[in-house]
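Chain by chain, the residues run as shown.
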Amino acid sequence: MVTRASPRRGQPAFTDRRAHSLKERRKRLPWPKEKPFRILSLDGGGIRGIYAATILSLIEKEITDGEPIADYFDTIAGTSTGGIIALGLGLKKPAAAIEKLYVEDGHLVFPEWWRRRPLRRLLRQLRASLHDHTELERLLYETFRDETIGDSFTRLVIPAFLGPKTQIAVLKTDHHEDFKRDYAMAAWEAARATSAAPTFFQGHSAADDYVFLDGGIWSNNPIMAAVVDTLSAYDVTREQIEIFSIGTGNAPYDIGSFALRGGLFQWREIIKGAMFLTTDNAQAQACLLLGPENILRLEPKGAAAEIDLNDWSGAKNVLPSLGKSDYESNRTRIASLFVEKVAPRHRFYTSVK
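The structure displayed is predicted, hence computed values, not measured ones. (Residues numbered from 1 in each chain as written. Predicted model: local features only at pLDDT ≥ 70, side-chain atom pairs only at ≥ 80, totals over all residues. Heavy atoms only, no water.)

1. So, unusual backbone geometry
Peptide bonds are mostly trans, and most non-glycine residues show a negative phi.
(1) Moving on: At the junction of glycine 163 and proline 164, the peptide bond is cis and its omega measures out at 5° in the coordinates.
(2) Moving on: Here proline 164 is to be found in the loop between strand E3 (155-163) and strand E4 (167-172).
(3) Moving on: Positive phi outside glycine occurs at aspartate 65, with the angle close to 55°.
(4) Moving on: Checked against the element boundaries, aspartate 65 lands in the loop between helix H1 (50-62) and strand E2 (75-78).
(5) Moving on: Non-glycine residue serine 80 carries a positive phi angle of around 55°.
(6) Moving on: Taking the relative accessible area as the measure of exposure, serine 80 reaches 6% and is therefore buried. (Helix = DSSP H or I, 4+ residues; strand = E, 2+ residues; numbered from the N terminus. Buried < 20%, exposed > 50% of the residue type's maximum accessible area, 1.4 Å probe, protein only.)

Right under this line is the structure:
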C-alpha cells in the first residue's frame, strides 16, 4: 500500500499587502547594458496547461539536452495552472515530470464523472465548488514537499487574489530587498493559492481570515506582471526584455443580446466576458511596450481553445499533439532563447540549498 504525504502548512502568508505597499519608487538594481533579460510567461487555464507542459517537456528533451529550463530564464511568471508549472520549473522539477502530472494525474483533480452529469454539476455549483480541493493539494504537496518559493533557482512572479478584503497579490522570490515575506511561503501553498479557480475549487485559507483565490481573476496572462516587476526592480531598458509567452487558448467570448440589457443577472455574463479580456489586454500592452518582435507567443487556436478548463479527456486527446506541432513550427525561434544560460538570481534572504 502506497503511503501518501499529507500537506504541511508553511510560514503564514503575507496578507496585509495594501497597507505595506511602497510609498516611493523602488530602488532599481543594476543590470548589464548589453545583457538581455529573458522572461518565461505562462497563462492560466486549468487542465489546458497540458499544452504548455508538452512544449516545455519537448524543449528540455530536444533543445537543452535535459538541462533545466530555469537555467535559461531570468524570471518565470505563471498564473493559476501556469503558476503551478512556473513553481515546478523554478524548483528545477523535470518538465517531463510536470507534463506527466497533467496527462496522467489530471483526472484525479478533474473527475470525468461531473462532465457526464451536467444537471447535477449545475446544482452542485449553485451551492459549492465543483471539485474536491484536497486531491489537488495532495498532488501539489507530493510534488513540492516542504520546498518554499524562496528555494526557486530563478525569479518567480505568481499572481493571486486575496479576499474577503479584495487585494492583488503577486507572490515573488526574494530577488529584491523589498520582497521580504513571500519567499517563505510553501511552494505547494503558493501553487494552491494561484489556482483556486472560483466555482471549481474553494479558496485557499490563509492567516487573519484571508482567503487566496485564483490569480486569473485579474491576471490570467501574467506577462505584464512580469514586465512591471522587471522594470521596477532592475535598471533594464524595454529593448533588453525578451519574452516567451505560452497561453492555454483564449477563444472569443460572445455576450448575448439579453445580457447587454444591463440588469443584475445579465451583468454576470458581462463580467465573465471581461475576465476573458484580461489575457488579450495584457498581451497587447506588452507588445505595445516592448515591441512584438521581442515576444514569442504560442497558444491553442480554434476548437482547442474552447476545451473546458476541467475537461481532462478533451485536453489530453487534443493538446499534446497540438503542442508538439506548434513547437516544431517555431523550433528555430524557440531555440534562440536557449543559446546561453542566465546568471544565478539575486538572493537577499535565502541561500542556495
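2. Details of the packing of aromatic side chains
(1) Moving on: Summed over all chains, the structure comprises nine aromatic pairs.
(2) Moving on: Ring centres 4.8 Å apart and planes at 50° place the aromatic pair tryptophan 31 and phenylalanine 37 in the tilted group. Like phenylalanine 37, tryptophan 31 is buried.
(3) Moving on: Pairing phenylalanine 110 with phenylalanine 201 gives two aromatic rings, centres 5.7 Å apart and planes at 50°, and the pair type is tilted. With phenylalanine 110 in the loop between helix H3 (95-109) and helix H4 (118-127) and phenylalanine 201 in the loop between helix H6 (187-194) and strand E5 (204-205), this residue pair connects regions lying 91 residues apart in the sequence. (Phe/Tyr/Trp six-rings, centres within 6.5 Å; stacked < 30°, edge-to-face > 60°.)

3. What about the environment of serine 205?
(1) Moving on: Structurally, the position occupied by serine 205 is in strand E5.
(2) Moving on: The exposure class assigned to serine 205 is partly exposed, which follows from its relative accessible area of 39%.
(3) Moving on: Remark: the alpha-carbon pair of serine 205 and glycine 163, spanning 42 residues in sequence, is separated by 9.6 Å.
(4) Moving on: Serine 205 has contacts with Arg9, Tyr210 and Val211, leaving out every residue within four places of it along the chain. (Contact = heavy atoms within 4.5 Å.)

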